[in-house]
Amino acid sequence: ETVNERNAWLLQLLQLCSKGPDGTAAWDLVCVALPMDSMGLAVSLVSNTPCLLIELQQWDPMPTYWLGGHQPSEYSTPVEAKTAMDESLAGLCRGAAAKFPAPCDQLLETLGDPMNWYNDWRQNKLFPWAPAVCAVAPLIAETLYPTLVREGQLAFLGNLVLAEEKQTPESAEDAGFGTASDLAELQAFIDKDGAKRPIYMGWGSMMPFMSDTKRAILLVVEALQSSSQRAIVLAGYLKLSMELLKEAVAVNGDERGLVAYAEANVVFKEKVPHEWLLKRVACTVHHGGAGTLSAALRAGVPTVVTPVHPADQFDHA
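Residues numbered from 1 in each chain as written. Predicted model: local features only at pLDDT ≥ 70, side-chain atom pairs only at ≥ 80, totals over all residues. Heavy atoms only, no water.

### Topic: the pattern of salt bridges
What the rule picks out here adds up to five salt bridges. Notably, a salt bridge pairs Lys279 with Glu164, separated by 2.7 Å at the nearest N-O pair. Pair noted here: Lys279 is in the loop between helix H13 (274–277) and strand E8 (284–286) and Glu164 is in helix H8 (residues 164–167), with a separation of 115 residues, a long-range link. Accessibility expressed as a relative area gives 41% for Lys279, which makes it partly exposed. A relative accessible area of 24% means that Glu164 is categorised as partly exposed. Ionic pairing is found between Glu185 and Lys269, a salt bridge with its closest N-O pair at 2.6 Å. Separated by 84 residues along the polypeptide, Glu185 in helix H9 (residues 180–191) and Lys269 in strand E7 (residues 266–269) bring together distant segments of the chain. Sharing partners across several salt bridges, the network here consists of Asp182, Glu185 and Lys269. (Salt bridge = Lys/Arg side-chain N within 4 Å of Asp/Glu carboxyl O. Helix = DSSP H or I, 4+ residues; strand = E, 2+ residues; numbered from the N terminus. Buried < 20%, exposed > 50% of the residue type's maximum accessible area, 1.4 Å probe, protein only.)

Okay, structure coming up:
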């Protein structure tokens, strides 16, 4: 469902590439980021408008640390690792060209075989007209992306942070991070047991097809029950919720009393303001997404990173 929604949105976006009745482009600037930067660049190229790449993280063309979920030692040479990423990128581009032939054919005609561009693309040398910035601190970039730091044409800016006051709504109007009533409920839950602050748990944009959602919710609540912890759990793309927990225990019964434990000790939320919340919890448990990881480190509380599929954030862990 999520993939279909994304594809429909991309198709609508690409259809807007044509100029308006007065001959002007549909927009003044295209801002794009991984993993959809190739599509955004196609939009920029076809609509003849400036493009800015704003990345939350990067991939190094010649990894020495992690490549997705694989350690470099799993590849016989750095060239072999690069070839694996070349093939992945080529497949992505060819798939996009099949789905959206008009703009992507023009992009591929301009650039040639995708198998030949990965190194230049990741270093932002492929599109010199599209400046790139990355929201990673230079010190971290030196460890994770050594090739990009030495040779890449992009700026590592450090974290891009939306201030706490801008994440906290003044009224019940949804400000994108939950409502005032959500924050009041969270504060009341935190204050309920002053001796045991809750844990924050969330796996953000991990897709349902990458994980068994029922198994995921059982694992979360069983871990909390076994360690006698309270938690605030972000629903995320996995849609973790009390309803999902009840569906999961209905399969084999609830001998452990997971539903009763969760009702007393767990709050599920679709949206939470990280800048406000994470400094109020005992620790954070998440998959290592760029934004969540940086927010957790800023909060100064212990962090447990749990990548959940082979292409997840093992480098951040």
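### Brief notes about the sheet that holds strand E5 (residues 199–202)
Strand order across the open sheet formed by five strands is E7-E6-E5-E8-E9, with parallel pairing between neighbours. Looking at which strands have only one partner, the edges of the open sheet turn out to be E7 and strand E9 (303–305). Neighbouring strand axes in the sheet, compared pairwise and without regard to direction, differ in orientation by 15 degrees on average. The sheet contact formed by E5 and strand E6 (residues 231–234) spans three bridges and is parallel. Bridge pairing in E6 links Tyr200 to Ile232. Taken strand by strand, H9 contacts E6 and E7, and its axis lies near 160 degrees from that of E7. (Pairing = 2+ DSSP bridges. Axes fitted to C-alpha atoms, helices over the stretch in contact; angles between N-to-C directions. Contact = heavy atoms within 4.5 Å.)

### Comments concerning the packing of helix H11 (residues 242–252) against helix H12 (residues 258–265)
A pair of packed helices is characterised by two quantities: the angle between their axes and the separation of those axes. Relative orientation of the contacting elements H11 and H12 amounts to 165 degrees, with a least axis distance of 10 Å. Comparing their axes, H12 and H11 come out roughly antiparallel. Where H11 crosses over H12, the two elements pack in a sense that is right-handed. Of H12, the residues touching H11 (which contributes Met242, Leu245, Lys246 and Val249) are Leu258, Val259, Ala262 and Glu263. Considered class by class, the residues forming the contact of H11 with H12 number six nonpolar, no polar and two charged. (Parallel < 35°, antiparallel > 145°, perpendicular 65-115°, else oblique. Left-handed = near helix turned anticlockwise from the far one by under 90°. Nonpolar A, V, L, I, M, F, W, Y, C, P; charged D, E, K, R; others polar.)

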